[in-house]
Amino acid sequence: MKTWMCLVCGFMYDEEAGLPEEGIAPGTPWEEIPNNWHCPECGVTKADFDMVEI
């Protein structure tokens, strides 16, 4: 499982945890999140996220 960080606000998406409050189940890989999804903190698109090592 990977973690992705918003380059604008620093919001972290952890594939293992998912985002249940956004309708994204735990274990959902980044590739399966719809391209029209937006950062819940600042509203940017998936293009503004990078994978990070934690």
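Further up the page is the structure itself.
Just so you know, these numbers come straight off a predicted model, no measurement behind them. (Residues numbered from 1 in each chain as written. Predicted model: local features only at pLDDT ≥ 70, side-chain atom pairs only at ≥ 80, totals over all residues. Heavy atoms only, no water.)

1. Overview of the sheet that holds strand 2 (residues 12-14)
- Reading across the sheet, the three strands line up as 2-1-3 and stay open at both edges, with antiparallel pairing between neighbours. Edge strands, defined here as strands with exactly one partner in the open sheet, are strand 2 and strand 3 (49-52). Averaged over all adjacent pairs, the angle separating strand axes in this sheet is 30°, with direction ignored.
- Across four bridges, the pairing between strand 1 (residues 3-6) and strand 3 is antiparallel. In the sheet register, cysteine 6 faces strand 3, and the bridge partner there is phenylalanine 49. (Pairing = 2+ DSSP bridges. Helix = DSSP H or I, 4+ residues; strand = E, 2+ residues; numbered from the N terminus. Axes fitted to C-alpha atoms, helices over the stretch in contact; angles between N-to-C directions.)

2. Some words on the side chain of lysine 46
- Looking at where lysine 46 falls in the secondary structure, it is placed in the loop between strand 2 and strand 3.
- Reaching out from lysine 46, the side chain makes a polar contact with the backbone oxygen of isoleucine 33 at a distance of 2.8 Å.
- Apart from the residues within four sequence positions on either side, lysine 46 is in contact with Trp30, Glu31, Ile33, Pro34, Asn35 and Trp37. (Polar contact = N/O pair within 3.5 Å; in protein donor to acceptor, adjacent residues only side chain to side chain. Contact = heavy atoms within 4.5 Å.)

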